[in-house]
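# Observations on the three-dimensional arrangement
Here's the letter readout for the chains.
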Amino acid sequence: MPEIEKECKVISKVPGSLKGLKLLNLDCGDITATVDLVQEIDIFDEGNEVTFVVSRDKPNYTPNDFCAHGYLFYEKKSDDAFVSLISLYGLLVKIVSNSGIISSGILNMMDHVYVCIKKLN
Amino acid sequence: MSETEKIIKGIQFGLLSPDEIRKMSVGAIKSPDVYDEDGTPIEGSVLDPRLGVIEPGQKCPVCGNPMGVCPGHFGHIELVRPVIHVGFVKEIYDTLKATCRNCGRLKLRPEKGSTCEEFKSEEEELTLEKAYRILKAIKKRYPLAAKRLIDHVKKTAAKQEVCPHCCAKQYKIKIEKPYTFYEERKEGLVKLLPTEIRERLEKIPNEDAELLGFDPQYSRPEWAVLTVLPVPPITIRPSITIESGMRAEDDLTHKLVDIIRINNRLEESIRSGAPQLIVEDLWDLLQYHVATYFDNEIPGIPPAKHRSGRPLRTLAQRLKGKEGRFRGNLSGKRVDFSARTVVSPDPNLSINEVGVPIYVAKILTVPERVTKFNIERLRQAVINGPDKWPGANYVIRPDGRRIDLRYVKDRKELAASLTPGYIVERHLVDGDIVLFNRQPSLHRISMMAHKVKVLPGKTFRLNLLVCPPYNADFDGDEMNLHVPQSEEAIAEARELMLVEKNILTPRYGGPIIGAGQDFISGAYLLTVKTTLLTKEEAYTILGVSDYIGDLGEPAILAPNEYYTGKQIVSLFLPKDFNFHGTAKISSGPRACKTEDCPHDSYIVIKKGILLEGVFDKNAIGNQQPESILHWLIREYGDEYGRYLMDNLFKVFIRYAEMRGFTMTLDDITISEDAKSKTKELIKQHEEVVNDYMVKYNEGKLEPIPGRTLEESLENYILDTLDKLRNSAGEIAAQDLDPFNNVYVMARTGARGSVLNITQMAAMLGQQTVRGERISRGYLNRVLPHFKVNDKSPEARGFVYSSFRSGLNPIEMFFHAAGGREGLVDTAVKTSQSGYMQRRLINALSDIRVEYNGMVRTTYGDVIQVIYGDDGVDPMRSAHGKTFDVNRIIERVVGWKR
Ligand SMILES: [Mg+2]
Ligand SMILES: [Zn+2]
Ligand SMILES: [Zn+2]
């Protein structure tokens, strides 16, 4: 069982602050996620319905999905939301949640995790 | 050998008395001619055989020794008239002034009082006896205080116009440089002849001489006026035979012949009763020759010249200066087993290696003792001989006989006869330890040990990362190489001086060896998070390293497999390494203070994985203390540091090569829009400058406290123009792509700065000389192209153009004027700091750290109870601190934060 599995909507895809970097904003109900994308892996469009998976075990995936692995390495409470960061060896996945991922015991600091975003339709 | 061992307790300096000179002489030298008709040296000439042997095979008639063993012997010249020794003119002058012209006593009041009516006592406290008592008491223990007392005595005595002892009236003594003395009598200036001077000095009693700083036992004042001149042994002034068979004499010999010739003529003139005028002329000439014999660079008299017009190199010239005996032959000397050639780069060498040309490797040798383990290799070396590398040049037999392999007919036979105990001086081979050095050797890492890598070519090659400690570049720099010869020297060099053991400098406890220039650009480009690599690309860049191990799962699995640059870097990091901090690119709009950073400018490494942030100058740069590189080397050792530089750093370069890295004109070309914005800006700021000038002319300008009105105006204008350039730079910065390669270099710290980009793209700005606008040149204007007293920006060195657009001739002139100052500065600074450094080194070179940690002089005086008063070795410190608490916490639990 994946530690996090959410149905999300791609709200927007905006240029990031580095050359060739795009930020994919996902709305997953109780959490939101921002995913770094570069041209090679940019397979999403605004409005896409996706499944957002964070898992210790390697999930199943197809070449139509985005799937990568890395480490959960940061979590801080800012205002009233928790900001958690996963580094996919450089590309960041930023997850904003109410209760945090480490704080609520779902994952631990420096857990090796797979992050997949699969298109639903 | 029955030499008794003696220990030198001290050295006594003094003057040679005429008697001593005669006593140590083997005979008077009188003949001005050197050789007779058949070319043998004349006895009684300056080449008298008794002065020492210089021909091989001859025996010395004085000591019976052959050449090389006979130390040479002194002769002497009896001067017909005394002459002043130029080296002691000051002492003679002081002494004449302080003593009575009549009785020779020191002109200090005797304790019992002076009987002379005219002597004015002035309640002068210092009496002759008292001064003598004080001197006796302090001379041994406080030599510097004694020197001050002597100066005081001289000054007091010189003031007396009447001798307190014999009541004789004193005249003022005048000196005409370099060596003529006069007395200012009523009838006018009267010249004091050396004979008179010597007579006066002779009259000074020993006690009085002591108060004038003489130690009469070793130097009586009158000995400073020469009556006998020593003739040095031929060994210090050998004659040389040039190919044509002609003999050429040493400069000193020439000079001595001159002296003898004039001395003889003077004698002849006196004997024949020549007019006084002629005698005095000859006497003066003798004085000149003796003076220039000692020092041929006396100010005020023309130097003695060779027939060719070249000034003679006499005694003082042999000792003085950079090429002189002290600095040229004693402090430093030419050495064997060394080589020098141009250096060039080779990124494929280890930082520990140095590329040595085969040609050099065949000349430099290492003595290797034959054992049963190396005998086959050394036999082969002997067979290869001096011309085939890796061979050998000499074999030393157990009985000490040295065999030159150039002249051995059958080297195979000699090789076969090698047995343990022989020593083979074999060619330099890969892995030998050598010392490598580049002048000026300003710190200890100007000389480091390298491992030899014999290569074709004619240059020494070194890894680019070792350039900073040597301050070397490849625009023609040459370096020296030395081969240690003993096992101890080799071991010391390897264990203490090897490059990897000097990555951390003792100067500030940071890595002096580290990335620069392309290494940094490459590291940035590889580690920035937008860089994805295919498996093939990952293989390509890792191929230049010695990395052995699994590549691991690609970071991106779908839609395609990609490795990231950070993944590649992480392969080289220790698995328990933690670090967090800002990158160099974290500044201005791209600054980050926490991990939540969209710019990739905050570095996070946890458990040896580079999770976030780029590697740039802050992380891996040279001369960057407390950086990732610094902590890696400190915590995982020098060898690991070398491993990183030989492998990871090469990967950076390889990535830059693969991706391509260059600069184009476009990188510094701003748009038309930005140009017109700049023009607008110029107009605005010119108006401000004009306003200031109008206010100044009307006297309404508000002066800056502590400055004149004019200075204030200049200040206001400089401020305004500085703002103009900054604003122009900002316009350019907004217009240019912040990710173009020029910007990448500036932001990562690889090369260049934002100011450089501003000057290339926007405008050069104000050129200054000594911090002020340029104002000198023609009368009241710099160039004739301006009206006089024009204070406008363009008339005072403001350059509106950029390097991209090009400068007009006037701007180019101003830029050159400003640039010249920098060149002059560096030239002056290096010479001044070089002199200061040499004096400091000479003053401190005997201080050492004892085994108990104390810092002492050679005499055992304590300088510090513990080194640096804290016992910290800066090289092994945490950037000067004993330890760094924050770093220790980070190391242990940093991954949890
Ligand atoms: Mg150079
Ligand atoms: Zn001799
Ligand atoms: Zn007197």
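Definitions and cut-offs
- Residues numbered from 1 in each chain as written.
- Chains lettered and ligands numbered in written order.
- Predicted model: local features only at pLDDT ≥ 70, side-chain atom pairs only at ≥ 80, totals over all residues.
- Heavy atoms only, no water.
- Helix = DSSP H or I, 4+ residues; strand = E, 2+ residues; numbered from the N terminus.
- Rg over C-alpha atoms; globule rule 2.2 N^0.38 Å.
- Donors = N, O, S within 2.8 Å, 3.2 Å for Na, K, Ca; no water.
- Buried < 20%, exposed > 50% of the residue type's maximum accessible area, 1.4 Å probe, protein only.
- Phe/Tyr/Trp six-rings, centres within 6.5 Å; stacked < 30°, edge-to-face > 60°.
- Lys NZ or Arg CZ within 6 Å of the ring centre and 35° of its normal.
- Domains from an automatic or database assignment.
- Contact = heavy atoms within 4.5 Å.
- Buried area = accessible area lost by both parts, 1.4 Å probe.
- Salt bridge = Lys/Arg side-chain N within 4 Å of Asp/Glu carboxyl O.
- Polar contact = N/O pair within 3.5 Å; in protein donor to acceptor, adjacent residues only side chain to side chain.
- 1 Å grid on protein atoms, 1.4 Å probe; cavity = no way out; pocket = protein on both sides within 12 Å on 5 of 7 lines; lining within 4 Å.
- Points joined across faces, edges and corners; volume = space filled by probe spheres on them.
- Nonpolar A, V, L, I, M, F, W, Y, C, P; charged D, E, K, R; others polar.

Here the focus is the overall build of chain A. Tallying secondary structure elements over chain A gives zero helices and eight strands in all. Shown N-terminal to C-terminal, the secondary structure of chain A runs as helices and strands in the order β-β-β-β-β-β-β-β. Compactness check: chain A gives a C-alpha radius of gyration of 13 Å against a globular reference of 14 Å for 121 residues, within 12% of the reference. Principal axes of the C-alpha set define a box for chain A whose edges measure 30 × 30 × 25 Å.

Right, let's get into the coordination of the magnesium ion (ligand 1). At the metal site, the magnesium ion (ligand 1) is ligated by D473 of chain B (OD), D475 of chain B (OD) and D477 of chain B (OD), and these contacts range over 2.0 to 2.1 Å. A relative accessible area of 62% places D475 of chain B in the exposed class.

A separate point is the coordination of the zinc ion (ligand 2). Residues and elements named next belong to chain B. Bound to the zinc ion (ligand 2) are the protein donor atoms C60 (SG), C63 (SG), C70 (SG) and H73 (NE2), situated 2.0 to 2.4 Å from the metal. Positions of the donor residues of the zinc ion (ligand 2) along the chain correspond to the pattern C-x2-C-x6-C-x2-H. Its relative accessible area of 30% is what places C63 among the partly exposed residues.

Residue and element names in this part refer to chain B. The full count for this structure, using the stated rule, is 16 aromatic pairs over all chains. Taken together, a centroid distance of 5.8 Å and an interplanar angle of 80° make the contact between F436 and Y470 edge-to-face. Here the residue F436 occupies a position in strand β15 (residues 433-437), and Y470 occupies one in helix α14 (residues 467-470), the gap between them amounting to 34 residues. In this structure, F436 and Y470 share a single accessibility class: buried. Centre to centre, the rings of Y636 and Y640 are 5.9 Å apart; their planes meet at 65°, and the pair counts as edge-to-face. Owing to a relative accessible area of 14%, Y640 belongs among the buried residues under this scheme. Against the face of W283 rests R81, its NZ or CZ located 5.7 Å from the ring centre. When the ring centre of Y93 is taken as origin, the NZ or CZ atom of K97, which lies over that ring, is 4.2 Å away.

What follows deals with the domain arrangement of chain B. Domain assignment breaks chain B into domain 1 (86-223), domain 2 (338-511), domain 3 (518-659) and domain 4 (665-810). A straight line from the C-alpha centre of domain 1 of chain B to that of domain 3 of chain B covers 79 Å.

If you look at the interface, chain B gives 33 residues, while chain A gives 34 residues. If you sort the residues of chain B by the area they bury against chain A, K529, P559 and L611 of chain B come out on top, with a joint share of 20%. Counting every contact that joins chain B to chain A gives four salt bridges. Seen at the junction of chain B and chain A, the total is 15 residue pairs in polar contact (both at pLDDT 80 or more).

Glancing now at the layout of surface pockets. All names here are of chain B. Reported here for the largest pocket is a volume of approximately 1700 Å³. Forming the walls of the largest pocket are 32 residues, and the residues nearest its centre are K322, R327, G332, Q439 and S441. For the lining of the largest pocket, the secondary-structure elements that each account for two or more residues are α10 (325-330), β9 (338-345), β18 (478-482) and α27 (809-844). Its residues placed into classes, the lining of the largest pocket shows seven nonpolar, 16 polar and nine charged. Empty space within the second largest pocket amounts to approximately 1400 Å³. Lining of the second largest pocket is provided by 40 residues; of these, F13, G14, L15, F88 and S219 occupy positions nearest its centre. Listed by contribution, the elements that provide at least two residues to the lining of the second largest pocket are α2 (89-98), α3 (128-138), α4 (143-159), β6 (225-231) and α8 (276-294). Per-element tally for the lining of the second largest pocket: the top contributor is α4, with seven residues. Across the lining of the second largest pocket, the residue classes tally to 24 nonpolar, five polar and eleven charged.

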